[in-house]
Amino acid sequence: MSKRTIKNPDESQINVKKTKGHWAMGLLETMKDPKSIYKETENVVVIHDKYPKAKIHYLVLPRDEISSIFKLNKSHITLLKEFGSIFHTIMEDHKNNTLRAGFHAVPSMQRLHMHIISTDMNSECLKTKVHWNSFTTSFFIPYDDLLKTLEEDGVIQKISSDTHKSLLSQPLKCNQCEFTPKNMPQLKQHLLSHVNKNHL
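Thresholds applied
- Residues numbered from 1 in each chain as written.
- Predicted model: local features only at pLDDT ≥ 70, side-chain atom pairs only at ≥ 80, totals over all residues.
- Heavy atoms only, no water.
- Salt bridge = Lys/Arg side-chain N within 4 Å of Asp/Glu carboxyl O.
- Buried < 20%, exposed > 50% of the residue type's maximum accessible area, 1.4 Å probe, protein only.
- pLDDT = per-residue confidence, 0-100.
- Contact = heavy atoms within 4.5 Å.
- Pairing = 2+ DSSP bridges.
- Helix = DSSP H or I, 4+ residues; strand = E, 2+ residues; numbered from the N terminus.
- Axes fitted to C-alpha atoms, helices over the stretch in contact; angles between N-to-C directions.
- Core = buried A, V, L, I, M, F, W, Y, C linked by side-chain atoms within 4.5 Å.

Glancing now at the pattern of salt bridges. Throughout the structure, instances matching the rule amount to six salt bridges. The residue glutamate 92 makes a salt bridge to lysine 95 at a minimum N-O spacing of 3.3 Å. Its relative accessible area of 63% is what places lysine 95 among the exposed residues. The closest approach of N and O atoms between lysine 173 and glutamate 178, which form a salt bridge, is 3.6 Å. Relative accessible area serves as the criterion here: at 64%, glutamate 178 is assigned to the exposed category.

Here is the structure:
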């Protein structure tokens, strides 16, 4: 059979998966790197995000092979509660910073992971509107909300592609005040004013 005859509507998705495969699986390698590990328990590993979007940015991952939030069920509630305990421990480590914990509604990396990120959003790796909106809109599901949904419904539902696009294309808005910048450079400059105020 010639390769030309196997085209189908899902072919583009297959190619995307192959292309993404190298970096989408990157968390599994990082979990094995002692230099990347911040904390670990019998069930959980906390690593430094390789491309932090704020001054403080960790990822909390299970040792068990759980690919994403969509594979969670009520049997994972104890694990999720340990994620919460880890979050509170890390907040104690960084008492001078405001931290948030949560999950992306559409994860881009293989292996379930929870972000713990400071609200300063001050990082050279924060470059695009998509980066910003993925942490500052409801695309970012707070830890408590996800745990509550899992306890009540036993499953995390996927959002529609339209909702996905809408959330990531929302107008830029500061996460610490009402300022609405015209572009990312203006936003990043504005964020520095908050950093400076907090250090006065």
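Structure shown, so let's carry the discussion forward.
Moving on, we get to the confidence of the model for the protein chain. Close inspection of predicted coordinates is inappropriate for parts of the model with low pLDDT. Residues of the protein chain with pLDDT of at least 70 account for 86%, and the chain-wide mean is 89. This model gives residues 1–21 a pLDDT under 50, and the stretch forms two contacts once residues within four places in sequence are excluded.

Time to look at the sheet that holds strand β5 (residues 114–118). Pairing is antiparallel in the open sheet, where six strands are placed in the order β1-β2-β3-β5-β4-β6. Of all the strands in the sheet, just β1 (37–40) and β6 (140–142) have a single pairing partner and so form its edges. In this sheet, neighbouring strand axes are inclined to one another by 30° on average, regardless of whether the strands run parallel or antiparallel. Bridge analysis of strand β4 (residues 99–104) against β5 gives four bridges, and the strand direction is antiparallel. The residue of β5 that forms the bridge with leucine 99 is serine 118. On top of the sheet, helix α3 (residues 77–93) reaches β1, β2 (44–48), β3 (57–62), β4 and β5; it is set at about 150° to β4, its chief contact. Its contacts with the sheet put helix α5 (residues 143–153) on β4, β5 and β6, and the angle it makes with β6 is roughly 75°.

Let us now look at the nonpolar core. In terms of nonpolar packing, the biggest core is built from 31 residues, with Leu80, Phe83, Phe103, Met114 and Ile116 touching the most fellow members. Contributing elements (two or more residues each) for this core: β2, β3, α3, β4, β5, α5 and α6 (161–168). It is α3 that contributes the most residues to this core, seven residues altogether. In this structure leucine 80 touches Leu72, Phe103, Tyr143, Leu146, Leu147 and Leu150, once residues within four positions along its chain are discounted. If you look at the next biggest cluster of nonpolar residues, it comprises twelve residues, including Trp132, Phe135, Met184 and Leu191.

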